Amino acid sequence: RLEVLRQVFAAPDGHATLGNILEVDAQYGPAIEAALNHNLRTILADDLAAARGLLTGNSGVAVAGVAAAVPAASGTDATTLAISVVRVRDERFTGLLQSLLANVTIADNLDAALAQRQPGMAIATLAGEFIDAHGILSKVSKSHIGEITALAEQVTQLQVETGTLAGRHAESVAARDTLDAHVR
């Protein structure tokens, strides 16, 4: 299921998308997915030349959006509550994510979001509703990011548990062999 969910954000040619490089705690998944919406499928390029190649069709893939790993200008600090709950696995795209989530806060629910709304600010709720900077409300139907993160954490926990059980099994086998040796 984890691999199937990861394919939701996969680009057809193997390039990474913004959705591929994000990790978000499950409870914040709907809010971040609502805030980033179609930007999650933006294909990431290593540099401007690669981005231009994707946009001009030199890659053989139809592309709607591309972002290049270009360093942010010095002095840029666009941190908000929304950006504070996201971990980026590829630091080259931190500036892009900061730009996309600038002026985005997260509210517990839609009533709280409506009460906090200010002109020019966007608010995402934990349930996945999103009021953009223009006051337009949208909602994600299901958060794939949160589910991917939760499943990846479960896989890690199961790997640790498997290692622990394998060690205990080896100890049990050794103890059985010792007892067998004493019985003979």
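Everything below is about the structure shown above.
Since this is a predicted model, take the numbers as computed values, not measurements. All chains use their own residue numbering, which begins from 1 and follows the written sequence. Local features in a predicted model are, by the rule used here, given only for residues with pLDDT of at least 70; side-chain atom pairs are given and counted only at 80 or more, and totals for whole chains, interfaces and linings are based on all residues. No hydrogens and no water enter the side-chain calculation; it runs on all heavy atoms of the structure.

> Could you give an account of the pairing of strand 5 (residues 104-107), naming the residues involved and the relevant values?
For two strands to pair, DSSP has to find at least two bridges joining them. Numbering of helices and strands runs from the N terminus; a helix is a DSSP stretch of H or I covering at least four residues, while a strand is a stretch of E covering at least two. Relative to strand 6 (residues 122-125), strand 5 runs parallel, the two being bridged by 4 bridges. Of the residues in strand 6, the one forming a bridge with Ile106 is Ala124. Note on the crossover from strand 5 through helix 6 (residues 110-116) to strand 6: the handedness is right-handed. If the strands point away from the viewer and the path from the first strand over the helix to the second runs clockwise, then the crossover is right-handed.

> Can you break down the packing of helix 2 (residues 29-36) against helix 5 (residues 94-101) residue by residue, with the values?
Where helix 2 meets helix 5, the axes come as close as 9 Å, and the angle between the chain directions of the two elements is 85°. Relative to helix 5, helix 2 is oriented roughly perpendicular. Together, Ile32, Ala35 and Leu36 of helix 2 and Leu97, Leu100 and Leu101 of helix 5 make up the contact between the two elements. A class-by-class count of the residues in the contact of helix 2 with helix 5 yields 6 nonpolar, no polar and no charged. Every axis corresponds to a line fitted to the C-alpha atoms, with the helix fit spanning only the stretch in contact, and the corresponding angles, defined between N-to-C directions, vary from 0 to 180 degrees. Should an angle fall under 35 degrees it is taken as roughly parallel, and over 145 as roughly antiparallel, whereas 65 to 115 is taken as roughly perpendicular and any remaining angle as oblique. A contact between two residues is defined here by any heavy atoms of the two lying within 4.5 Å. Amino acid classes used here: Ala, Val, Leu, Ile, Met, Phe, Trp, Tyr, Cys and Pro are nonpolar; Asp, Glu, Lys and Arg are charged; the rest, including Gly, are polar.

> Describe the pattern of salt bridges, and please don't skip the residues or the numbers.
The term salt bridge refers to a side-chain nitrogen of Lys or Arg lying within 4 Å of a carboxyl oxygen of Asp or Glu. Scanning all chains against the criterion turns up 5 salt bridges. For Asp25, the salt bridge identified is with Arg87, shortest N-O distance 3.3 Å. Taken together, the residues span a long stretch of sequence, with Asp25 in the loop between strand 1 (22-24) and helix 2 and Arg87 in strand 4 (residues 86-88) at a distance of 62 residues. Note on exposure labels: buried denotes an accessible area under 20% of the residue type's maximum, exposed denotes more than 50%, and partly exposed covers the range between, all computed with a 1.4 Å probe on protein chains only. By relative accessible area, which is 31% here, Asp25 ends up partly exposed.

> Before we move on, can you summarise the nonpolar core with the specific residues and values?
Residues enter a nonpolar core if they are buried and are Ala, Val, Leu, Ile, Met, Phe, Trp, Tyr or Cys, with the set joined through side-chain atoms within 4.5 Å. Judged by nonpolar contacts, the single largest core of 26 residues is most densely connected at Leu22, Ile32, Leu36, Val86, Leu97 and Leu101. Elements that contribute at least two residues to this core include exactly strand 1, helix 2, helix 4 (81-84), strand 4, helix 5, strand 5 and strand 6. Per-element tally for this core: the top contributor is helix 2, with 5 residues.

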